[in-house]
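# Descriptive analysis of the structure
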Amino acid sequence: QVQLVESGGGLVQAGASLRLTCAASGRTLSNYLMAWFRQAPGKEREFVAAISRAGISTDYGDSVKGRFTISRDNAKNTVYLQMNSLKPEDTAVYYCAADRTLRIGEIGEYDYWGQGTQVTVFS
């Protein structure tokens, strides 16, 4: 069992930056593909970014490429999402997810999810 807890969300003006943190417990994070998803009110869940187990490969959704950066520190069992040049359309609840078997770039249901952290960007 893996427990994921997100933090770092908040209310910011367009153009600002935020860094989200996902802290994991229960299992060694290095065994899991890690990802960030988001969901805005009335919209479907959207893939944001993923990072391979060793942190070598990353993948991003088209809407965040060039602005967001995913990273991980397996020694700290933590994953980060650095979000720069935020836009009002980035407003959503951001979720951290972990999967034992998926590979970077694969689509599938993740095994574990956090509770989410709210990001609100105003213009």
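So, a few notes on the structure that sits alongside this text. Position numbers for residues start from 1 in each chain and track the written sequence from start to end. A pLDDT threshold of at least 70 governs which residues receive local features in this predicted model, and a stricter bar of 80 or more applies before side-chain atom pairs are shown or counted, although totals over entire chains, interfaces and linings include all residues. Water and hydrogen atoms play no part in the side-chain values, which are based on all heavy atoms of the structure.

### Re the sheet that holds strand S8 (residues 78-83)
- Pairing between strands is defined by DSSP: at least two bridges between the two strands are required. Helix and strand assignments follow DSSP, with helices taken as H or I runs no shorter than four residues and strands as E runs no shorter than two, numbered in order from the N terminus. One open sheet holds the 4 strands; their spatial order is S1-S3-S8-S7, and the pairing between them is antiparallel. Looking at which strands have only one partner, the edges of the open sheet turn out to be strand S1 (3-7) and strand S7 (68-73). The sheet shows a mean angle of 15 degrees between the axes of neighbouring strands, direction not considered.
- Pairing of strand S3 (residues 18-25) with S8 involves 6 bridges; the strand directions are antiparallel. Paired with Arg-19 across the two strands is Gln-82, which belongs to S8. Only C-alpha atoms enter the line fits that serve as axes; for helices the fit covers just the stretch in contact. Angles between N-to-C directions range over 0 to 180 degrees.

### Topic: the nonpolar core
- In this structure, Leu-4, Met-34, Trp-36, Leu-81, Met-83 and Tyr-94 are the most contacted members of the largest nonpolar core, which totals 30 residues.
- Those elements that place two or more of their residues in this core are S3, strand S4 (33-39), strand S5 (46-51), S7, S8, strand S9 (92-99) and strand S11 (117-122).
- We call two residues in contact whenever any of their non-hydrogen atoms come within 4.5 Å of each other. Setting aside its immediate chain neighbours within four residues, Tyr-94 contacts Glu-6, Leu-20, Trp-36, Phe-37, Arg-38, Val-48, Phe-68, Leu-81, Met-83, Gly-116, Thr-117 and Val-119.
- Grouped together as the second largest cluster of nonpolar side chains are 7 residues, Ala-35, Phe-37, Ala-97 and Tyr-110 included. Put simply, a nonpolar core is a bunch of buried Ala, Val, Leu, Ile, Met, Phe, Trp, Tyr and Cys residues held in one set by side-chain atoms that sit within 4.5 Å of each other. Residue exposure (1.4 Å probe, protein chains only): buried if accessible area is under 20% of the type maximum, exposed if over 50%, otherwise partly exposed.

### Let's talk about the state of the cysteines
- Put simply, a disulfide is two cysteine sulfurs that come within 2.5 Å. In total, this model carries 1 disulfide according to the counting rule given.
- Put simply, Cys-22 and Cys-96 are joined by a disulfide, and their sulfur atoms are 2.1 Å apart. Handedness here is read from the sign of the S-S torsion; for Cys-22 and Cys-96, about -80 degrees, the answer is left-handed. Taken together, the residues span a long stretch of sequence, with Cys-22 in strand S3 and Cys-96 in strand S9 at a distance of 74 residues. As far as burial versus exposure is concerned, Cys-22 and Cys-96 are alike and both buried.

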